[in-house]
Amino acid sequence: MGWRLLGVPLSLALGFGCAVMAAAMSDIGGTPTCHDVSTGRAAVPPGGECFSGSSLQKAITLGLGRAAR
């Protein structure tokens with residue numbers, strides 16, 4: 001009985017974590033790299049934010065994040 005009581009909040013916490021991770025991956029995926037913005041290859045996004053890593057780092061981050069979902 002105790003494991004079931006522990007399982008309910010744990011499953012809710014894992015579900016919330018997955019939702020946050022999905023939101024972060026969609027945000028990173030839609031943000032151009034700062035290098036692309038500074039060289040003019042991409043327009044400055046409305047919020048003025050850019051991904052500070054390289055395009056390879058962005059691809060690795062998105063790949064690992066999507067695999068972890």
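Whatever comes next refers back to the structure up there.
Read on for an overview of the structure. (Residues numbered from 1 in each chain as written. Predicted model: local features only at pLDDT ≥ 70, side-chain atom pairs only at ≥ 80, totals over all residues. Heavy atoms only, no water.)

**A look at the packing of helix α1 (residues 2–29) against helix α3 (residues 55–68)**
Running from N to C, α1 and α3 point in directions that differ by 155°, and their axes come no closer than 10 Å. Relative to α3, the element α1 lies roughly antiparallel. Once α1 is placed against α3, the crossing between them reads as left-handed. Along the contact surface, α1 presents M21, M25, I28 and G29, while α3 presents K58, T61, L62, G65, R66 and A68. Here the contact of α1 with α3 is built from residues that sort into five nonpolar, three polar and two charged. (Axes fitted to C-alpha atoms, helices over the stretch in contact; angles between N-to-C directions. Helix = DSSP H or I, 4+ residues; strand = E, 2+ residues; numbered from the N terminus. Parallel < 35°, antiparallel > 145°, perpendicular 65-115°, else oblique. Left-handed = near helix turned anticlockwise from the far one by under 90°. Contact = heavy atoms within 4.5 Å. Nonpolar A, V, L, I, M, F, W, Y, C, P; charged D, E, K, R; others polar.)

**A short note on the environment of S54**
Here S54 is to be found in the loop between α2 (34–39) and α3. For the pair S54 and G40, spaced 14 residues apart in sequence, the C-alpha separation works out to 15 Å. Here the side chain of S54 touches Q57 through a polar contact of 3.1 Å, landing on its backbone nitrogen. (Polar contact = N/O pair within 3.5 Å; in protein donor to acceptor, adjacent residues only side chain to side chain.)

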